[in-house]
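So the chains spell out like this:
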Amino acid sequence: MDKKLRQSIKTAAVKQEMIVVWLHDGEKIKGIAEVSADSERVKINTIEGPIWVPYVDVESISRVIKLRISGEANE
């Protein structure tokens, strides 16, 4: 796993963003990344519960970014 992917996961964890992680074996995991002191694995909180994924198993990720539009009224 390259440093850009690892940094992107860490950024998503700090911002508590939803991520989708694709593993080398084709599995897909969707959840919210969580900040962890473990330098070898990422913790992803899924609907089924927390999952620890080794960084070396990650092929790619997508982050779901919430956009805030200024001037919009809160509903």
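In this text the structure is predicted, and so the values were computed from the model without any measurement. (Residues numbered from 1 in each chain as written. Predicted model: local features only at pLDDT ≥ 70, side-chain atom pairs only at ≥ 80, totals over all residues. Heavy atoms only, no water.)

1. Here's the deal with the overall build of the protein chain
Next up, step 1: Check the secondary structure of the protein chain and you find one helix and five strands.
Next up, step 2: Along the protein chain, helices (α) and strands (β) appear in the sequence α-β-β-β-β-β when read from the amino end.
Next up, step 3: Along the first, second and third principal axes, the C-alpha set of the protein chain runs to 45 × 30 × 25 Å.
Next up, step 4: Sequence-distant contacts in the protein chain: of pairs separated by 6 or more residues, those separated by 24 or more amount to 44%. (Helix = DSSP H or I, 4+ residues; strand = E, 2+ residues; numbered from the N terminus. Contact = heavy atoms within 4.5 Å.)

2. Here we look at the side chain of threonine 46
Next up, step 1: Among the structural elements, threonine 46 can be located in strand 3 (residues 41-46).
Next up, step 2: Residue classification places threonine 46 among the buried residues on the basis of a relative accessible area of 12%.
Next up, step 3: A polar atom in the side chain of threonine 46 sits 2.5 Å from the backbone oxygen of glycine 49.
Next up, step 4: Each residue touching threonine 46, except ones within four places of it in the same chain, is listed here: Ile29, Lys30, Gly31 and Ile51. (Buried < 20%, exposed > 50% of the residue type's maximum accessible area, 1.4 Å probe, protein only. Polar contact = N/O pair within 3.5 Å; in protein donor to acceptor, adjacent residues only side chain to side chain.)

3. A word on the sheet that holds strand 5 (residues 58-64)
Next up, step 1: The five strands are arranged 4-3-2-1-5 in an open sheet whose pairing can be described as antiparallel. Strands with a single pairing partner mark the edges of an open sheet, and in this sheet they are strand 4 (49-54) and strand 5. The sheet shows a mean angle of 40° between the axes of neighbouring strands, taken without regard to direction.
Next up, step 2: Summarising the sheet, strand 3 and strand 4 pair through six bridges and their orientation is antiparallel. Paired with arginine 41 across the bridge in strand 4 is proline 54.
Next up, step 3: Sheet contacts for helix 1 (residues 3-14): strand 1 (18-23), strand 2 (28-34), strand 3 and strand 5; angle to strand 5, the most-contacted strand, approximately 35°. (Pairing = 2+ DSSP bridges. Axes fitted to C-alpha atoms, helices over the stretch in contact; angles between N-to-C directions.)

Limitation: the analysis is restricted to geometry and does not speak to function.
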